[in-house]
Amino acid sequence: MKQEQNNIATPIMCAHFPYKDAHGSISMPIYSGAAFEFDTAEEMEDAFLGKSGKHTYSRISNPTVEFFENRIKEASGAAHVLAVSSGMAAISTVFMTIAYAGSNIVTSPHLFGNTFSLFIFTLQAFGVEARFCNLLDKEEVERNIDDKTCAVFTEIITNPHMEAIDLKMLSQIAHKKGVPLVADSTIVPWPHFNASKLGVDLEVVSSTKYLSGGATSIGGLILDHQTFDWSRSPRLGKLTQMAGKRAFQVKLRAEISRNMGAYMSPHTAYLQNLGLETLELRYAKTSASCLELAKFLQTIPAVKNVNYNGLKDNPFYAVSHAQYGDCPGAMLTFALEDRATCFAFINRLKVIRRATNLFDNKTLIIHPLSTIYVTLSPEYKKMVEVPDNMLRLSVGLENPEDLKADILQALA
Ligand SMILES: *Cc1c(COP(=O)(O)O)cnc(C)c1O
């Protein structure tokens, strides 16, 4: 839909194997084994040195996963892609590669729950500080960046607050200070989202969501656009002498990914390959339904402040439209009177399913504060600013009329 605008070729439907399959299989076969065999010791040495590009062991690389990575490369325009076991593995592996004791990450408190927890608890134990600020405020971001900042991190549309971040603005501030912009682009897939055009250097994705196609599997992706000069990075600086802009890729592939051991499983890659083939169709349908439902919810008196970037009266409409076109994804939030009203509404739903996750083929509802954020202390709950009367809806492939009827009967 926005293909020409974003200028990315998307040969999602026509990918071929790099080698002819012995049986002419039209789907990428699943190479589920752990290890690969060699004829000679010399060939083995070359493979371990990375000279022949041959696979040795499936924690490091695997033909099925590699095929998936290459298709993502084509779809996204990224220079390098690594597939891992979850969206959280993608985020934590990126910071294992670029952060160091004494460094800081400039970010927003409006984050997916586990990302917030990773920053504030897990990474803190290794001496990495999370600096939470308002990423919509240029001066505040600038003030928080210093010579120990390893990255500015943002979700392209914050979950569940739904702020469409002005990525060009944010990347200009980060780059002026010599810092990379790392963005979680789970919420809008390519070609609707084009990282390098917006100044994003590293992209992380939970492929569990749009890509898997029907919530078949958990997965994550790290996309390196190789737009950033790492020569001043304490972790990657030295590597740039040998690898230039490929420094992140080399560190990630040759050291961090192997050592963290979170490479994607071949079976997951197979499922997500299939998901990729219907991504564009599912995205177009669910985004259109999401916009229709957002407009519908606005007409219901019991529903307060519907939040969807595709609504023309949304404060983020202009930024969202400039960056993602007419379809900023299939997730919206809305508010009812209070928590009790939300719970009663959820309990009466018959078509919409009570589950966490996003971009399943089924429409899903969740009350974020009592689930995703429930284990946070009162102090942290205050920090993440998730209201107690907010519901999050992820719109699926059902007929929107059935969803509207379900909402009406549950509110009655
Ligand atoms: C789900 C999600 C994640 C985490 O992904 P997993 O695959 O569940 O580990 C990260 N960021 C965003 C925006 C998400 O929606």
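Here the structure is shown first, and the text comes after it.
The structure displayed is predicted, hence computed values, not measured ones.

(A) Layout of the site of the ligand. All residues adjacent to the ligand are Ser 86, Gly 87, Met 88, Phe 112, Asn 159, Asp 184, Thr 186, Ser 206, Thr 208, Lys 209, Gly 219 and Leu 358. Separating an oxygen atom of the ligand from a backbone N or O atom of Gly 87 is a distance of 2.9 Å. The side chain of Thr 208 places a nitrogen or oxygen atom 2.7 Å from an oxygen atom of the ligand. Residue composition of the shell around the ligand, by class: three nonpolar, seven polar and two charged.

(B) Structural context of the nonpolar core. Of all hydrophobic cores here, the largest spans 120 residues; its most connected members are Phe 95, Ile 98, Phe 119, Phe 193, Leu 221 and Phe 334. Tallying contributions element by element places helix H10 (residues 266–298) first for this core, with nine residues. Shared between two domains, this core holds at least three residues of each, these being domain 1 (61–275) and domain 2 (280–411).

(C) The packing of aromatic side chains, seen in detail. In the structure shown here, the tally under the stated rule is twelve aromatic pairs. Note on Phe 95 and Phe 119: the rings are 5.4 Å apart at their centroids and 85 degrees apart in plane angle, and the pair reads as edge-to-face. With Phe 95 in helix H4 (residues 87–98) and Phe 119 in helix H5 (residues 113–122), this residue pair connects regions lying 24 residues apart in the sequence. One exposure class covers both Phe 95 and Phe 119, and it is buried. Here the aromatic cluster, defined as three or more aromatic residues joined through ring pairs, consists of Phe 116, Phe 121, Phe 132 and Tyr 380. Positioned above the aromatic ring of Phe 112 is the side chain of Lys 209, whose terminal nitrogen or guanidinium carbon lies 5.3 Å from the ring centre.

(D) Focus on the environment of Glu 163. Here Glu 163 is to be found in the loop between strand E4 (149–155) and helix H7 (167–176). Exposure remark for Glu 163: the relative accessible area of 11% places this residue in the buried category. In the structure, Glu 163 is positioned 191 residues away from Arg 354 in sequence and 24 Å away in space, judged by C-alpha atoms. Within the local environment of Glu 163, its side chain forms a polar contact with the side chain of Thr 158, the two groups lying 2.8 Å apart.

Thresholds applied
- Residues numbered from 1 in each chain as written.
- Predicted model: local features only at pLDDT ≥ 70, side-chain atom pairs only at ≥ 80, totals over all residues.
- Heavy atoms only, no water.
- Near = heavy atom within 4 Å.
- Polar contact = N/O pair within 3.5 Å; in protein donor to acceptor, adjacent residues only side chain to side chain.
- Nonpolar A, V, L, I, M, F, W, Y, C, P; charged D, E, K, R; others polar.
- Core = buried A, V, L, I, M, F, W, Y, C linked by side-chain atoms within 4.5 Å.
- Buried < 20%, exposed > 50% of the residue type's maximum accessible area, 1.4 Å probe, protein only.
- Helix = DSSP H or I, 4+ residues; strand = E, 2+ residues; numbered from the N terminus.
- Domains from an automatic or database assignment.
- Phe/Tyr/Trp six-rings, centres within 6.5 Å; stacked < 30°, edge-to-face > 60°.
- Lys NZ or Arg CZ within 6 Å of the ring centre and 35° of its normal.

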